[in-house]
Structure formats: structure tokens, C-alpha cells
Amino acid sequence: MAQPDSREAPPEHPEHRTTTVEQGPFCVARCVCGWRGPARRARSQARTDAAGHSAVPNP
């Protein structure tokens, strides 16, 4: 089975959909396409990272 390219959204998720995940004292933004933002102590900064990634158009 071929692995999807991490830069592209999987076919069942044509657009980027982000969420934030708590990891101890840190918060990380993640996307269905496989992108992961840096660990942040401020949840608001993780949400800003996610919004910036969602603004990037799909190829």
C-alpha cells in the first residue's frame, strides 16, 4: 500500500482541517494532511500556527 505524500491532503480530506492537541504543558497544531506545528506553551499561538497552515492552498 502506497503512503500518501505528507505535503498533500489525503483524497478523503481535500481541504486542510486542523486541530490542537494537548501534550503535557504544551499544545500542538495538527492537520489531516499530516502537517504538525511546533509545540507551544500558549494555546493561542498553536491556534495561530493552525490558521496559518489552513490558509495555504492545496496544490
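Everything that follows concerns the structure shown earlier in this document.
Thresholds, definitions, all that
- Residues numbered from 1 in each chain as written.
- Predicted model: local features only at pLDDT ≥ 70, side-chain atom pairs only at ≥ 80, totals over all residues.
- Heavy atoms only, no water.
- Salt bridge = Lys/Arg side-chain N within 4 Å of Asp/Glu carboxyl O.
- Disulfide = S-S within 2.5 Å.
- Buried < 20%, exposed > 50% of the residue type's maximum accessible area, 1.4 Å probe, protein only.

This part takes up the pattern of salt bridges. Note on pairing: side chains with opposite charge can pair once their charged atoms come close. This structure, assessed with the given rule, holds two salt bridges. Between Asp49 and Arg40 there is a salt bridge; the shortest N-O distance is 2.8 Å.

The next point concerns the state of the cysteines. As enumerated under the stated definition, the model contains zero disulfides in all. Looking at Cys31, it has no disulfide partner, and the nearest cysteine sulfur is the one in Cys33, 3.6 Å off. Residue classification places Cys33 among the buried positions, given a relative accessible area of 7%.

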